[in-house]
Amino acid sequence: MFLFKGIKSEHIMSVDTSNEEIKADVMNRLLRRNCWSAKYLPIDTLVNWMARKVKPNGKRVKKLIKQLVNEGFLIPHKKGETVSLNPAKSEEIIEYIKRFLKF
C-alpha cells in the first residue's frame, strides 16, 4: 500500500500560483481521500474546493484537471464527470506532489 498520505495544504493560492502547484494540490486532495482507481470524486466537487483558493475562478482548475487526465495522472470515470488517481503512476504522482507542494 501507499505510505505517503499527502500534505495538509490549506493555504490561500493567488492568481500568481503556478499551474504545477494547482495540479499538485488537486492530486494531493485526491491522495488524501485515497481516491485511487475505482474510488473516484466528481470534478465539480474538486473545482468548487479549489475555486475558493485559486482566484479568479474555477475555469482554470477545470482546464488543469483535463490536462492531468491527458497526461495520464488521473483516470476519468462516468463519462468524464468524475476522476481518480492512476495507480500505475503512483510513484510519479507522489514525487510531483512533493516537488511542487513544499510546507
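Owing to the predicted nature of the structure, the values given are computational and were not obtained by experimental measurement.

The rules behind each value
- Residues numbered from 1 in each chain as written.
- Predicted model: local features only at pLDDT ≥ 70, side-chain atom pairs only at ≥ 80, totals over all residues.
- Heavy atoms only, no water.
- Helix = DSSP H or I, 4+ residues; strand = E, 2+ residues; numbered from the N terminus.
- Buried < 20%, exposed > 50% of the residue type's maximum accessible area, 1.4 Å probe, protein only.
- Contact = heavy atoms within 4.5 Å.
- Areas by Shrake-Rupley, 256 points an atom, 1.4 Å probe, with all protein chains shown as cover.
- Phe/Tyr/Trp six-rings, centres within 6.5 Å; stacked < 30°, edge-to-face > 60°.
- Lys NZ or Arg CZ within 6 Å of the ring centre and 35° of its normal.
- Pairing = 2+ DSSP bridges.
- Expected span 1.5 Å × (residues − 1).
- Salt bridge = Lys/Arg side-chain N within 4 Å of Asp/Glu carboxyl O.

Caption draft 1: A look at the overall build of the protein. In terms of helices and strands, the protein carries four helices and three strands. Going from the N terminus to the C terminus, the protein shows its helices and strands as α-β-α-α-β-β-α. In the protein, which comprises 103 residues, the share counted as buried stands at 44%. Considering only contacts within the protein whose residues lie at least 6 apart along the sequence, 61% involve residues at least 24 apart. Accessible area of the protein: about 6,000 Å², with a carbon and sulfur share of 52%.

Caption draft 2: Region of the structure containing the packing of aromatic side chains. Scanning all chains against the criterion turns up two aromatic pairs. Ring centres 5.7 Å apart and planes at 45 degrees place the aromatic pair Phe73 and Tyr96 in the tilted group. Here Phe73 is found in the loop between α3 (59–71) and β2 (74–77), whereas its partner Tyr96 is found in helix α4 (residues 90–100), with 23 residues between them in sequence. With 4.8 Å between their ring centres and 55 degrees between their planes, Tyr96 and Phe100 make a pair best called tilted. Here the residue Tyr96 and the residue Phe100 both occupy positions in helix α4, the gap between them amounting to four residues, near one helical turn. Overall, the relative accessible area of 24% leaves Phe100 in the partly exposed class. Following the ring pairs from residue to residue traces out a cluster consisting of Phe73, Tyr96 and Phe100. For the cation-ring pair, Lys89 lies above Phe73, with the distance from its terminal atom to the ring centre recorded as 5.1 Å.

Caption draft 3: Region of interest: the pairing of β2. Bridge analysis of β2 against strand β3 (residues 82–85) gives four bridges, and the strand direction is antiparallel. When the sheet's bridge partners are listed, Ile75 is paired in β3 with Ser84. Hairpin connection of β2 to β3: four residues between the antiparallel strands, including Lys78 at a positive phi of 50 degrees.

Caption draft 4: Broad picture of helix α1 (residues 19–32). Taking 1.5 Å of rise per residue, the 14 residues of α1 would be expected to cover 20 Å, and the 20 Å separating its terminal C-alpha atoms lies within 8% of that figure. The complete set of buried residues in α1 reads Ile22, Lys23, Ala24, Asp25, Val26, Met27, Asn28, Arg29, Leu30 and Leu31. Where α1 is buried, its residues contact β1 (41–42), α2 (43–51), α3, β2, β3 and α4. Immediately downstream of α1, the backbone of Asn34 shows phi near 55 degrees, a positive value.

Caption draft 5: Spotlight on the pattern of salt bridges. Per the counting criterion, the structure on display carries three salt bridges. Here Asp25 ties to Arg29 by a salt bridge, and the two come within 3.7 Å at their closest N and O atoms. Placement of both Asp25 and Arg29 in helix α1 is noted, with a separation of four residues, approximately one turn of the helix. In this structure Asp25 comes out as buried when scored by relative accessible area, which is 1%. Here Asp44 and Lys62 are joined by a salt bridge, their closest N and O atoms 3.7 Å apart. You can see Asp44 sitting in helix α2 and its partner Lys62 sitting in helix α3, a full 18 residues away along the chain.

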